[in-house]
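If you want the building blocks of each chain, they are given just below.
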Amino acid sequence: MRVLVVTAVPAERDAVTRAFGGAPEVRGVPGAELHRAGPFDVLAGGAGPAAAAAATAFALAAAPASQPYAAVVSAGIGGGFAPAAPVGSLVVATAIVAADLGAETPDGFVPVTGLGFGRDTFLPPEALVRDVAEATGAAPGPVLTVSTVTGSAARTAELLAAHPGAVAEAMEGFGVAEAAGRFGVPALELRAVSNTVGPRDRGAWRIGDALAALTEAFGKTAPVVESWTWHDRLYRHRD
């Protein structure tokens, strides 16, 4: 069983493949390179939901019909909401949420679903989320996809008020899930926390530690996805 993993940048891709030692097998797909390691085919698709969706769709379309991907994982580093997800910890999404897809109104933000079209949330398979959380120690909870990274306490409070229980934010998860959903493939989001969501303080970021945590997480995730049976592969989304 092969699983597609989509990161934003090569440093995250390489952190995933390091979990399996040696040099990964590399092959080309339209617009990217796939690095094969363990049960994972890993690509760096670019920053933001649009780039992530395009890269995911190209990779899924390029997969042989006889060997389709069983799942897609959006992976990398991201910001954690305190105190649920401290720097250096892991999070796994119970919901992949487009937190800023919608419209501003005099009464505040209205999500795209409130406008009467589209979707703003994908729900990964509960059993897979549970098993990955148990194997890695990742905190389960909603992971928010944003096109603009949060940089103030006020915006942090707004996001938490709109999405109680959110554990992290990043920029690609919803794009990956949207593309996967078009192919009928379940999606998961697994991230290591490099910084705390809030006022922007680059000096407090721990990117190296987060990448190391990501490597360790994928070493522990491989047996989970390899043992995940077809009847477990239930995928749901909320319109």
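No experiment lies behind these values; they were computed from the predicted model shown. (Residues numbered from 1 in each chain as written. Predicted model: local features only at pLDDT ≥ 70, side-chain atom pairs only at ≥ 80, totals over all residues. Heavy atoms only, no water.)

A. The arrangement of the overall build of the chain in detail. Tallying secondary structure elements over the chain gives 6 helices and 13 strands in all. For 239 residues, the compact-globule estimate of 2.2 N^0.38 gives 18 Å, and the chain sits close to it at 17 Å. In terms of overall dimensions, the chain has C-alpha extents of about 50 × 40 × 30 Å along its principal axes. Put simply, the chain has 239 residues, and 51% of those count as buried. Accessible surface for the chain amounts to roughly 10300 Å². Of this, 57% is attributable to carbon and sulfur atoms. Between the centroid of the 17 positive side chains of the chain and the centroid of its 23 negative side chains there is a distance of 4 Å. (Helix = DSSP H or I, 4+ residues; strand = E, 2+ residues; numbered from the N terminus. Rg over C-alpha atoms; globule rule 2.2 N^0.38 Å. Buried < 20%, exposed > 50% of the residue type's maximum accessible area, 1.4 Å probe, protein only. Areas by Shrake-Rupley, 256 points an atom, 1.4 Å probe, with all protein chains shown as cover. Lys, Arg positive; Asp, Glu negative; His and termini not counted. Charge placed at Lys NZ, Arg CZ, Asp CG, Glu CD.)

B. Structural view of the packing of helix α3 (residues 126-136) against helix α6 (residues 207-227). Packing of α3 against α6 leaves a shortest axis separation of 9 Å and a crossing angle of 140°. Judged on the interaxial angle alone, α6 and α3 are oblique. Every pair of crossing elements has a handedness; the one defined by α3 and α6 is right-handed. Of the residues in α6, those touching α3 at Leu128, Asp131, Val132, Ala135 and Thr136 are Ala217, Lys220, Thr221, Val224 and Val225. Grouping the constituent residues of the contact of α3 with α6 by class yields 6 nonpolar, 2 polar and 2 charged. (Axes fitted to C-alpha atoms, helices over the stretch in contact; angles between N-to-C directions. Parallel < 35°, antiparallel > 145°, perpendicular 65-115°, else oblique. Left-handed = near helix turned anticlockwise from the far one by under 90°. Contact = heavy atoms within 4.5 Å. Nonpolar A, V, L, I, M, F, W, Y, C, P; charged D, E, K, R; others polar.)

C. Structural detail: the packing of aromatic side chains. Enumeration over the complete set of coordinates arrives at 3 aromatic pairs. Geometrically, the ring pair formed by Phe20 and Phe40 is tilted, given 5.8 Å between the ring centres and 55° between the ring planes. With Phe20 in the loop between α1 (10-17) and β2 (25-29) and Phe40 in strand β4 (residues 40-44), this pair connects stretches of sequence that are 20 residues apart. Relative accessible area serves as the criterion here: at 0%, Phe40 is assigned to the buried category. (Phe/Tyr/Trp six-rings, centres within 6.5 Å; stacked < 30°, edge-to-face > 60°.)

D. Layout of the pairing of β4. In terms of residue burial, β4 counts as a mostly covered element, since 5 of its 5 residues are buried. Neither face of β4 is open: one carries Phe40, Val42 and Ala44, the other Asp41 and Leu43, and all of them are buried. As judged from the 5 bridges shared by strand β1 (residues 3-7) and β4, these two strands associate in the parallel manner. Counterpart to Thr7 in the pairing with β4 is Ala44. Where strand β3 (residues 32-37) lies against β4, 3 bridges are found, and the strand directions are antiparallel. For Ala37, the partnering residue across the bridge sits in β4 and is Phe40. (Pairing = 2+ DSSP bridges.)

E. Examining the packing of helix α2 (residues 49-62) against helix α5 (residues 173-182) more closely. The N-to-C vectors of α2 and α5 enclose an angle of 35°; their axes lie 7 Å apart at closest approach. The interaxial crossing formed by α2 with α5 has right-handed handedness. The segment α2 lies against α5, with Pro49, Ala52, Ala53, Thr56, Ala57 and Leu60 engaging Gly175, Val176, Ala179 and Ala180. Its residues placed into classes, the contact of α2 with α5 shows 8 nonpolar, 2 polar and no charged.

F. Molecular detail of the pairing of β2. Taken together, the 5 bridges between β2 and β3 define a ladder with antiparallel strand orientation. In the strand pairing of β3, Glu25 is matched with Arg36.

G. Fine view of unusual backbone geometry. Residues Ala82 and Pro83 are joined by a peptide bond in cis, for which omega reads 0°. Mapping Pro83 onto the fold places it in the loop between β5 (71-80) and β6 (90-98).

H. Broad picture of α5. For α5, the buried fraction is high: 8 of the 10 residues fall into the buried class. Looking at α5, one finds that the buried residues are Gly173, Phe174, Gly175, Val176, Ala177, Glu178, Ala179 and Ala180. Once α5 finishes, Gly184 follows within two positions and takes phi at roughly 70°, a positive value.

I. Molecular detail of the side chain of Thr56. Summarising the element assignment, Thr56 is placed in helix α2. In contact with Thr56, other than residues within four places in its own chain, are Leu4, Val6, Val72, Val176, Ala179 and Ala180.

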